[in-house]
Amino acid sequence: MEAPSYEAETVTRMNKSLRKSLRTNTVPKPGVRRATTAVLLVLSASAAALVVPGPAFARASSGATAAVPPIRWGACPEAEPPYPDPSPKAQCATVKVPLDWSKPKGPKVGIFVARYRATDPARRIGVLMSNPGGPGAPGSDDALYADDPISGYTPAMLQRFDMIGFDPRGIGRSQNAECDESIADSVPTRPRSAVEFERMRTLNGRLADSCLKRTGPLAAHMDGESVARDMDAIRAALGESRISFLGHSYGTFLGERYARLFPGRLRALALDSAMDPSRPDAERYLTDGSVTIDNTLKRLAAWCEKDAACALKSKGLLKGKDLTAVTDELFARADAGTLRDPGPNGPTRTKVDADKLSDFLTFALGKGNPEATAEQLAALYTGKGEVDWVLTGAGSASRLVLCRDYDFRIRDHAQYLAIRKRVAKAAPHVRYNAQSLDTVLGCQGWTMPPKPGPVRAKGDLPPVLVANATHDLATPLPGARRMANSFPKASLFTMDVVGHWLYRRGGTEKAMRAIDTYLTSPKG
């Protein structure tokens, strides 16, 4: 069996009254894409975008207007070793935008922008802006390495679009935010008592304050709405009346914010591995992610029952049991304090608690490599072998963004325990999704509170394409469904795969082709 398996794809047309499904054939396993990039852009309309001469303008919600001078392109900076230098065809510039969009005439911050011009000007559709997500990933790489034969766009896409990438405010070359990481290292990642929970909140607050001290007021303005307004400033500086946008992972949230604020300025919107735009609370966010991991474990169990490559099966450890029964037994041993970290000659003296087991299951299952996951489960079960443990905890850049975009606040330790109990009941074989829990706990005590979502502006949107894996631990399918349902007209393209980010060569290339077709089609 290939790892992961890709069994089917589904395309669902969605609007306020219609749901239709189409299933087609299988595709092979995925290829590899640059870790620091994430995205390609969006839909196509019937005409190319118009070029507007002279200064352009971007409008803030307050009604104030900030002038944006035309971009002056220049050479791009060399990459730091060991990374390769950007394409010699790439161009770079900085666009100045208001630090606080409610004060358009106030202090400015520079947004680093890169462009790779369309290779066939006669057939050029317009600009394709993209964002790779993270949050915290620099997005300029999508243009800097647009012609990379492995991770770049196809030659056909390069013919039709100017590829535009940018580092979001506070990221990379756009005044990279700094925090006191020594504080982050001391934050309890899995609080086990009321005292630890309060200590976690206190230290999270100190970390947030350190970001403000070291970065300045920009740290409080890295939310998705602000970045979406920056995107429109880039559009204006480019002299384009409309853009196509391709967002991956958190980049899909930026695409949704842009659609909410500037519907008439979108030619196309493609969202790959979609965030939940409905701002779920901590419990729903954690439940969606945890149920996804639990279902992925069941998928592994079905494979293990039939495939001799499963170490639990080949070593005779199942003995008529389902693989989920094995993980249930491992949790029972962890709760009893008898589960040990395996070693080359047998169990070590290091205990493995239930939280560490859940953390392992999340990231092992998320890799989509059933053979490796089964081998490590066998090592845990027998005490002999090796397990790849992972460090947990939310990054500072992620907190600066997500704790403003979402409201994950939990009242106290008692409510936290109640949520954990209900989530474990919904996902009994894994107990929780570690990545989701990291995000939720990272926002407890954050001193920069969640920002209210922007009011939806009037205007017509193009049809939207949303793509998602059925087993995506980072952006679970329920959130992608809510993303598709948030638009008047949208298509949801799903693939029965384990993994995150479908737009890539290799196993999920069919999704890449579907997105490219959508972006270059006059009808979207």
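Our subject is the structure listed above.
Now for a description of the structure that goes with this document. (Residues numbered from 1 in each chain as written. Predicted model: local features only at pLDDT ≥ 70, side-chain atom pairs only at ≥ 80, totals over all residues. Heavy atoms only, no water.)

**Considerations on the packing of helix α7 (residues 282-306) against helix α9 (residues 323-336)**
Alright, step 1. Running from N to C, α7 and α9 point in directions that differ by 125 degrees, and their axes come no closer than 8 Å. One finds that α7 runs oblique with respect to α9. Contacts from Leu297, Lys298, Leu300, Ala301 and Cys304 in α7 reach Leu323, Thr324 and Thr327 in α9.
Alright, step 2. Of the residues belonging to the contact of α7 with α9, the class tally is 5 nonpolar, 2 polar and 1 charged. (Axes fitted to C-alpha atoms, helices over the stretch in contact; angles between N-to-C directions. Helix = DSSP H or I, 4+ residues; strand = E, 2+ residues; numbered from the N terminus. Parallel < 35°, antiparallel > 145°, perpendicular 65-115°, else oblique. Contact = heavy atoms within 4.5 Å. Nonpolar A, V, L, I, M, F, W, Y, C, P; charged D, E, K, R; others polar.)

**Focus on the pattern of salt bridges**
Where charged atoms from two side chains of opposite charge approach closely, those side chains can pair.
Alright, step 1. For the structure shown, the criterion picks out 28 salt bridges.
Alright, step 2. Note that Lys298 and Asp294 form a salt bridge whose closest N and O atoms lie 3.8 Å from each other. Residue Lys298 and its partner Asp294 are both found in helix α7; the two are separated by 4 residues, about one turn of the helix.
Alright, step 3. Using a relative accessible area of 41% as the deciding quantity, one classes Lys298 as partly exposed.
Alright, step 4. According to the relative accessible area criterion, Asp294 is buried, its value standing at 2%.
Alright, step 5. Close ionic contact of Arg431 with Asp335 constitutes a salt bridge, the shortest N to O distance being 2.8 Å. Pair noted here: Arg431 is in the loop between α13 (413-426) and α14 (434-442) and Asp335 is in helix α9, with a separation of 96 residues, a long-range link. (Salt bridge = Lys/Arg side-chain N within 4 Å of Asp/Glu carboxyl O. Buried < 20%, exposed > 50% of the residue type's maximum accessible area, 1.4 Å probe, protein only.)

**Topic: the side chain of His221**
Alright, step 1. Relative to the assigned elements, His221 resides in the loop between α4 (194-215) and α5 (224-238).
Alright, step 2. Leaving out residues up to four positions away in the same chain, His221 has contacts with Leu99, Asp100, Arg169 and Ser226.

**Quick word on the layout of surface pockets**
Alright, step 1. Considering only enclosed or pocket space, the second largest pocket measures out at about 450 Å³ in volume.
Alright, step 2. Taken together, 21 residues line the second largest pocket, and the ones lying closest to its centre are Tyr83, Pro138, Asp141, Tyr145 and Arg173. (1 Å grid on protein atoms, 1.4 Å probe; cavity = no way out; pocket = protein on both sides within 12 Å on 5 of 7 lines; lining within 4 Å. Points joined across faces, edges and corners; volume = space filled by probe spheres on them.)

**Description of unusual backbone geometry**
Alright, step 1. Across the junction of Pro81 and Pro82, the peptide omega takes the value 10 degrees, indicating a cis bond.
Alright, step 2. Relative to the helices and strands, Pro82 is located in the loop between β4 (65-68) and β5 (90-98).
Alright, step 3. The amide bond that connects Gly134 to the next residue, Pro135, takes the cis arrangement and shows omega of -10 degrees.
Alright, step 4. Tracing the sequence through the fold places Pro135 in the loop between β7 (126-131) and α1 (141-144).
Alright, step 5. The backbone of Ser249 sits at a positive phi, close to 55 degrees, despite the residue not being glycine.
Alright, step 6. Topologically, Ser249 is positioned in the loop between β9 (243-248) and α6 (250-261).
Alright, step 7. Owing to a relative accessible area of 12%, Ser249 belongs among the buried residues under this scheme.
Alright, step 8. Here Lys319, not a glycine, exhibits a phi torsion of approximately 50 degrees, which is positive.
Alright, step 9. Among the structural elements, Lys319 can be located in the loop between α8 (311-314) and α9.
Alright, step 10. Since its relative accessible area comes to 74%, Lys319 is described here as exposed.

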